[in-house]
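So you can see what is in the structure, the chains are spelled out below.
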Amino acid sequence: MTVRTRFAPSPTGFLHIGGARTALFSWAYAKKHGGQFILRIEDTDVARSTPEAVQAILDGMHWLGLDYDEGPFYQMQRMDRYKDVIQGMLAAGSAYYCYSSKEELEALRESQMQQGLKPRYDGRWRPEEGKVLAAPSADIAPVIRFKNPKDGHVVWNDLVKGEISIANQELDDLIIARADGTPTYNFCVVVDDWEMGITQVIRGDDHVNNTPRQINMLKALGATIPQYAHLSMILGDDGQKLSKRHGAVSVMQYHEDGFLPEAVLNYLARLGWSHGDEEIFSMQQFCEWFDLDHITPSAAQFNTEKLKWLNAHYIKQADKQSLASDISLRLAQLGVTVAAQPDLSAVLDLYKERANTLNELAESIVYFYQKPAMDALAAEKHLTDDIKPALQKLTTILTTCDWNAEAIHHAINDVVTEFQLKFPKVAMPLRVLICGIAQSPSIDQVMVLLGREEVLARVSTFK
RNA sequence: GUCCCCAUCGUCUAGAGGCCUAGGACACCUCCCUUUCACGGAGGCGACCGGGGUUCGAAUCCCCGUGGGGACGCCA
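Starting afresh in each chain, residues are numbered from 1 along the sequence in its written order. To read the labels, note that chains go from A and ligands from 1, taken in the order they are written. Confidence filtering applies because this is a predicted model: local features only for residues at pLDDT of at least 70, side-chain atom pairs given and counted only at 80 or more, and all residues used for totals across whole chains, interfaces and linings. Side-chain metrics in this entry use all non-hydrogen atoms of the structure; hydrogen atoms and water are not considered.

1. Points about the overall build of chain A
Within chain A, the regular secondary structure consists of 19 helices and twelve strands. On C-alpha atoms alone, chain A measures out to a radius of gyration of 32 Å, which is more than a quarter above the 23 Å that the 2.2 N^0.38 rule sets for 463 residues. Projecting the C-alpha coordinates of chain A onto the three principal axes gives extents of approximately 110 × 45 × 40 Å. Burial status across chain A gives 49% buried among its 463 residues. Counting contacts in chain A only where the partners sit at least 6 residues apart, residues at least 24 apart contribute 74% of the total. Side chains of chain A give 46 positive and 60 negative charges; the mean places of these two sets differ by 2 Å. Only runs of H or I of at least four residues qualify as helices and only runs of E of at least two qualify as strands under DSSP, and these elements are numbered from the N terminus. The quantity called the radius of gyration is restricted to C-alpha atoms. Its globule counterpart is 2.2 Å times the number of residues to the power 0.38. Only protein chains enter the accessibility calculation, which uses a 1.4 Å probe; a residue is then buried when its area is under 20% of its type maximum, exposed when over 50%, and partly exposed in between. In this analysis, two residues are considered to be in contact whenever any of their non-hydrogen atoms come within 4.5 Å of each other. Within this scheme the basic residues Lys and Arg register as positive and the acidic residues Asp and Glu register as negative, but His and the chain ends are omitted. For charged residues, the charge sits on one atom: NZ in Lys, CZ in Arg, CG in Asp, CD in Glu.

Written out as structure tokens, the structure reads:
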């Protein structure tokens, strides 16, 4: 049987880091087994679903390169099918109308909680042999409930967590269609997973409790039951749960913050999954290695520092052309126009080993395209009067010497020797005058790229 | 409250009874490289939640406890 997995987000917000990992694992599992990966948008909550959120999810998937073989399918477009299935269940007696009002249910829940019980529907409208149901009140539009088995256990072998067993006694008759007739999540999932031929449901840990109900419905429908793999949640950097209010950022935020999709993907792959000691690997490699056996059942804390480390790695490996075009965009956002000289690619060659993010990289090379602001501390430390004669002499040599790293290095060396100084004594003031700060790559290389004219202009500001 | 799940360095993890004196990675510290800062290289610090079993032997299996998390919607 071909493997078919799906990612089924609800479009009520952007694609966040947890969703991205779920998508990645489902995607990789399908790839590994030569199967299909399906994208399904679960938009049955009309009140909260938005087209913007749909787009945000699509954008996030696209940025990460998580392509799907089928879809996106929209559940709202499958309403007729769901309603057909519900009619069939009503006819077969595995579903029934319930005329309890919301208020009535709310009161029930509260009294159960007070008694220390698990709040659940008491089955007052559930048809039973020999049971006489009350007359439905005309002013209440009924919901439809699934008639869950009362006895026995639902047991499945979770591909991540192992065997999980839940007593049917713990389960109540869940609503599968609202009063307005629209089907609810747990029901649509069942129909879709069934009809789309999903073989492995890989999803968040928060769905564990839905699984036995879904299995019961699948059984009632005579459907094949897929395998389930429940992924534990991802905690924020501070160990707290990710939520809309707290740290649950969009994957696109990582794009804006200067992370490469390769880094985010690689990081996510290692969050909860491992392949021995492997830390850095391509998605192609990941798809070959990926398996459900090596997923940790416990929650994982997100660690931005490690993501940065991976990002730095992928920046070093980045394709020259695409790195240059990305960085020039980011420079533009900083209000910096990239001139033809110094050549951006050459500048990046000098700098790409030094940055953790693309934003850092862009910021660090601004001084090649506009005069830097002078760091006061660096200036105070290095731009001392006693160094002026040496710099004066250096300026003279630089005006006429060859313009390459070697020649410039010699020029500095000559001055160092002549004035009986240490190399940094000359290089540091030079660096501060040219870069505005006391840190830069090899100063002679920086000077080569910046050009003689601009170097002399900047050095001459110190007299 | 009830049900379900989880538990190895600060963090991500390796570990399927002897290979564990518990390995790797990020972070941190030291040193080397050096023209500053990075990069890179070499070291270092640092963990099996507690208690009982089972076994010749347990990080690994079982039970209890503790701690954490999830679910309990006419949300998904």
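2. Some words on helix H10 (residues 304–317)
Three- or four-residue spacings in an α-helix give side chains the same orientation, since the helix completes a turn every 3.6 residues. A helix is expected to span 1.5 Å for every residue after the first. Taking 1.5 Å of rise per residue, 14 residues should cover 20 Å, and H10 covers 20 Å from first to last C-alpha, within 8% of that figure. Taken residue by residue, H10 has Thr304, Leu307, Leu310, Asn311, Ala312, Tyr314 and Ile315 as its buried positions. Looking at the packing, one finds that the buried side of H10 touches helix H7 (251–256), helix H8 (261–270), helix H11 (320–333) and helix H13 (358–364).

3. Some details on the pairing of strand E6 (residues 153–158)
Burial of E6 is one-sided: the residues Val154, Trp156 and Asp158 facing one way are buried, the residues His153, Val155 and Asn157 facing the other way are not. In this analysis, strands are considered paired if DSSP registers two or more bridges between them. For E6 and strand E7 (residues 162–167), the ladder comprises six bridges, and the chain directions are antiparallel. Each residue of the ladder has a partner; that of valine 154, found in E7, is isoleucine 166. Hairpin connection between E6 and E7: a loop of three residues separates the two successive antiparallel strands.

4. Considering unusual backbone geometry
Residue proline 72 is reached from glycine 71 by a cis peptide bond, and omega for that bond is 0°. Summarising the element assignment, proline 72 is placed in strand E3 (residues 70–74). The residue after glutamine 341, namely proline 342, is reached through a cis peptide bond having omega -5°. For glutamine 420, which is not a glycine, the phi torsion comes out positive at approximately 55°. Mapped onto the elements, glutamine 420 comes out in the loop between helix H16 (405–418) and helix H17 (423–435).

5. Remarks on the protein's contact with RNA strand B
The immediate surroundings of RNA strand B are formed by 63 residues, with Gly116, Arg178, Arg354, Ser440 and Asp444 found nearest. Pairs of N or O atoms are called polar contacts if they sit within 3.5 Å, as long as, within protein, a hydrogen donor faces a hydrogen acceptor (for residues adjacent in sequence, only side-chain-to-side-chain pairs). In the environment of RNA strand B, a sugar or linking oxygen lies 3.3 Å from a nitrogen or oxygen atom belonging to the backbone of glutamate 42. Take alanine 438: an N or O atom from its main chain is 3.0 Å from a base oxygen of RNA strand B. Sorting the residues of the surface near RNA strand B by element identifies helix H4 (102–114), E7, strand E12 (300–301), H10, H17 and helix H18 (443–450) as the ones contributing at least two each. Broken down by element, the surface near RNA strand B gets its largest block of residues, five residues, from H17. It suffices for a single heavy atom of a residue to lie within 4 Å of a molecule or strand for the residue to be listed as near it.

6. What to know about the side chain of glutamine 75
As for its position among the elements, glutamine 75 is in the loop between E3 and helix H3 (79–92). A polar contact is formed between the side chain of glutamine 75 and the side chain of aspartate 192, at a distance of 2.8 Å. Residues contacting glutamine 75, with those up to four places away along its chain left out, are Arg40, Ile41, Glu42, Asp43, Thr44, Tyr82, Cys188, Val189 and Asp192.

7. Observations concerning the sheet that holds strand E8 (residues 175–177)
Reading across from one edge, E4-E5-E8 is the order of the three strands in this open sheet, with antiparallel pairing throughout. Bordering the open sheet on either side are strand E4 (95–98) and E8, each of which pairs with just one other strand. On average, adjacent strands in this sheet sit at an angle of 45° to one another, irrespective of strand direction. Two strands pair when backbone bridges link them, and E4 and strand E5 (residues 143–146) are joined in this way by four bridges, in the antiparallel orientation. By the bridge assignment, cysteine 98 is partnered in E5 with valine 143. Its contacts with the sheet put H3 on E4, E5 and E8, and the angle it makes with E4 is roughly 95°. Axis definition: a line fitted to C-alpha atoms, over the contacting stretch in the case of helices. Angles run 0 to 180 degrees between N-to-C directions.

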